[in-house]
Amino acid sequence: MKYILALDQGTTSSRAIVFDRNGNIAGKAQQEFRQIYPAPGWVEHDPKDILGSQLGVIAEALVRAGASITDVEAMGITNQRETTLVWDAQTGKPICNAIVWQCRRTAGYCDELRQKGYDKLIYLKTGLVADAYFSATKIQWILQNVEGAASLAKSGRLRFGTVDTYLLYNLSGGKIYATDYTNAARTMLFNIHTLKWDDELLSLFGIPRSMLPEVYPSGYMYGSTLSTVLGKSIPVCSVAGDQQAALFCQLCLEKGQIKNTYGTGCFLLMNTGGEAVESKNGLITSLAAGLSERPDYVLEGSVFVGGAAVQWLRDELGLISSAAKSEEVALSVPSSQGVYVVPAFTGLGAPYWDAKARGAIVGLTRGSGRAHIVRAALEGIAYQVADIVRAMELDAGVRVNALRVDGGASANDFLLSFQADILNCNVLRPRVVESTALGAAYLAGLTCGMWEDIDELSSFNPVGRTFTPSISHDERQKLLKGWHAAVAAARGKA
Ligand code: ADP
């Protein structure tokens, strides 16, 4: 039996999953690692922790699969996007901690960029909004603030990488210095139309070209790991950012197909085919994972607080004892009785983009109780997702007829049936909701020839349950009207 090994390097943990020839999980292991908060709003990782935890879980996953490294045919990597590492090519050592995507240290500089009107140039070239989230301003910060960085950069010794690149570099003993289109597209330095690093943006941020890796399709033979690192040299046959790997896993390969991952936040991606759709609703335009030299484009929107609203019900309000309990409590009442929870704890993203909005519970009456609030909070996740789906439909000019879902909170049947009701479309949940790792495995397995084509993959992870809409048009309109009034209240505009 030959296996595909997927490395899934996330923001709070590193995971390794061994998949068999039929796409089944044969073994997996996960290790959390340290989050470093050096100042309010700043988030870092120690590169040693990223590498150590990721290498650490490989052996454990293989043992659980009853396999050894010699049984692994190929490897794939999927990773947290945008997180920025910079190292010295001569020593291989990072010159500072990784600056995590969540880190806001360059937010002030991004405000300046917008004031100077650079946001338009950035959007036209990269499809991104000018935000601290993306790698470019993080690299610039390192060059300007880490001692000796500027002169090392000048002499051509520094290397930048997102997490995938850093893993590839270390797994190959410095031989592979590369990334894929989906990770490159999140740096704010990559032109998604020409598929090249953009010289004008590099000079805007003062970043030398020598600091940037080669860029390849997500499914691609990147090279092989050093035999001393894992005990055998293994070909690395895929690299993809986590959300794009999930989109690939859900086989959203046609224009208009869309997936949502319900995790701490929610991440929606819509495949828009060969067309880079310009968003009028504050969505991001980016690249999809695939095997082609000419990747598809996607529209992406995210909900800042998704499953985190459920954690809030549990930890701050003490209304439920576990996240899973939210479903039972929500179903103990027939409706939320006009109560709305807008979980805008950190502002609202697309399509509102209101950083000043704050959370709100509206519509309370003397009869409102714990169950109504719990139910309204789950509904609040679904409404936010629906707002993004509508924005995507408007931008792409398509009507969505099915939403494919995954992620931890997609286990909640109430949430998904309400999602179907409010969207008026089917919601499809596959059997395996660990889509990021499986997506990386699909890409690697297709590249190394373990699987012939997409058709072969289509039976691997069938739909486990379909949720269909069951409310009337009038009922839906009434609920949505209430939701939009609640959003206005959260924005102080009631
Ligand atoms: P991440 O990858 O962002 O860490 P996961 O995909 O592991 O997230 O999902 C975890 C999130 O899902 C948490 O915010 C948790 O509150 C929520 N969650 C998990 N199970 C349920 C459930 N049954 N109902 C509602 N929310 C859930």
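Since the model is a prediction, treat every value here as computed from it, not as a measurement. (Residues numbered from 1 in each chain as written. Predicted model: local features only at pLDDT ≥ 70, side-chain atom pairs only at ≥ 80, totals over all residues. Heavy atoms only, no water.)

Turning our eyes to something else, we now look at the overall build of the protein. Helices and strands together make up the secondary structure of the protein, namely 17 helices and 23 strands. In summary, the protein has a C-alpha radius of gyration of 22 Å against a globular reference of 23 Å for 494 residues, a match within 12%. Overall, the protein is about 70 × 55 × 40 Å in size when its C-alpha atoms are taken along their principal axes. For the protein, the proportion of its 494 residues judged to be buried stands at 59%. (Helix = DSSP H or I, 4+ residues; strand = E, 2+ residues; numbered from the N terminus. Rg over C-alpha atoms; globule rule 2.2 N^0.38 Å. Buried < 20%, exposed > 50% of the residue type's maximum accessible area, 1.4 Å probe, protein only.)

What follows covers the sheet that holds strand 18 (residues 297–303). The strand order across the open sheet formed by 7 strands is 17-18-16-15-21-22-23, and the pairing between neighbours is mixed. Each having just a single partner strand, strand 17 (284–287) and strand 23 (463–467) make up the two edges of the open sheet. Between one strand and the next, the sheet's axes are offset by a mean angle of 30°, whatever the strand orientation. Bridging between strand 15 (residues 258–262) and strand 21 (residues 402–406) involves 4 bridges; their strand directions are parallel. Paired with Thr261 across the bridge in strand 21 is Asp406. (Pairing = 2+ DSSP bridges. Axes fitted to C-alpha atoms, helices over the stretch in contact; angles between N-to-C directions.)

Moving on to the site of the ligand. Inspection of the region around the ligand gives 13 residues, with Thr264, Gly307, Gln311, Gly408 and Asn412 positioned closest. One of the side-chain nitrogen or oxygen atoms of Thr264 is found 2.6 Å away from an oxygen atom of the ligand. In isolation the ligand offers 580 Å² of accessible surface; the protein chains occlude 67% of this area. When grouped by side-chain class, the residues that make up the shell around the ligand number 5 nonpolar, 8 polar and no charged. (Near = heavy atom within 4 Å. Polar contact = N/O pair within 3.5 Å; in protein donor to acceptor, adjacent residues only side chain to side chain. Areas by Shrake-Rupley, 256 points an atom, 1.4 Å probe, with all protein chains shown as cover. Nonpolar A, V, L, I, M, F, W, Y, C, P; charged D, E, K, R; others polar.)

What follows concerns helix 11 (residues 308–315). Residue pairs three or four apart in sequence face the same way in an α-helix, which turns once every 3.6 residues. Among all positions in helix 11, only Ala309, Val310, Trp312 and Leu313 are buried. Looking straight down helix 11, one finds that the buried residues subtend no more than 155° of arc, so they occupy a single side. Tucked inside the fold, the buried residues of helix 11 contact helix 12 (325–331), strand 19 (340–342), strand 20 (360–362) and helix 13 (370–396). (Arc of directions from axis to C-beta. Contact = heavy atoms within 4.5 Å.)

Moving on, we come to the sheet that holds strand 3 (residues 25–32). Read across the sheet, 6 strands follow the order 3-2-1-5-14-13 without closing on themselves; strand pairing throughout is mixed. If you trace the sheet from one side to the other, it starts and ends with strand 3 and strand 13 (219–224), each paired once. Between one strand and the next, the sheet's axes are offset by a mean angle of 20°, whatever the strand orientation. Taken together, the 7 bridges between strand 2 (residues 13–19) and strand 3 define a ladder with antiparallel strand orientation. Paired with Ile17 across the strands is Lys28, a residue of strand 3. Of the strands in this sheet, strand 1 (3–9), strand 5 (72–79), strand 13 and strand 14 (235–241) are in contact with helix 6 (residues 163–171), which crosses strand 5 at around 145°. Of the strands in this sheet, strand 1, strand 2, strand 5, strand 13 and strand 14 are in contact with helix 15 (residues 435–448), which crosses strand 5 at around 135°.

Below, the discussion takes up the domain arrangement of the protein. Domain annotation for the protein reports domain 1 (3–243) and domain 2 (250–430 + 462–494). Counting residues at the interface gives 21 residues for domain 1, matched by 23 residues for domain 2. With both chains or domains summed, domain 1 and domain 2 bury close to 1,700 Å², and 56% of this area falls on carbon and sulfur atoms. Taken as a group, Tyr123, Ile192 and Gln243 account for 30% of the area that domain 1 buries against domain 2, more than any other trio of residues on that side. (Domains from an automatic or database assignment. Buried area = accessible area lost by both parts, 1.4 Å probe.)

With that settled, the discussion passes to the packing of aromatic side chains. Throughout the structure, instances matching the rule amount to 22 aromatic pairs. Arranged with centres 6.2 Å apart and planes meeting at 65°, the rings of Phe304 and Trp353 form a pair that is edge-to-face. Pair noted here: Phe304 is in the loop between strand 18 and helix 11 and Trp353 is in the loop between strand 19 and strand 20, with a separation of 49 residues, a long-range link. On the basis of relative accessible area, Phe304 is assigned to the partly exposed category, the value being 35%. Relative accessible area serves as the criterion here: at 43%, Trp353 is assigned to the partly exposed category. Ring pairing ties together the aromatic residues Tyr340, Tyr383, Phe414, Phe418 and Trp483, which thus form one cluster. The ring of Trp141 has Arg105 lying over it, and the distance from NZ or CZ to the ring centre is 4.5 Å. (Phe/Tyr/Trp six-rings, centres within 6.5 Å; stacked < 30°, edge-to-face > 60°. Lys NZ or Arg CZ within 6 Å of the ring centre and 35° of its normal.)

A separate point is helix 14 (residues 413–423). Among the 11 residues of helix 14, 9 are classified as buried, and the element is accordingly described as predominantly covered. Of the residues making up helix 14, those classed as buried are Phe414, Leu415, Leu416, Phe418, Gln419, Ala420, Asp421, Ile422 and Leu423. Put simply, Asn412 is the residue that caps the front of helix 14, since its side-chain oxygen is 3.1 Å from the backbone nitrogen of Phe414.

On the surface, Leu55, Leu226 and Val229 cluster together into a nonpolar patch covering about 180 Å² of accessible area. By the secondary structure assignment, Leu226 is in the loop between strand 13 and helix 9 (227–230). Overall, Leu226 belongs to the partly exposed group, its relative accessible area being 30%. (Patch = residues over 30% accessible without salt bridge, like charges linked within 9 Å, V, L, I, M, F, W, Y side chains within 5 Å. Salt bridge = Lys/Arg side-chain N within 4 Å of Asp/Glu carboxyl O.)

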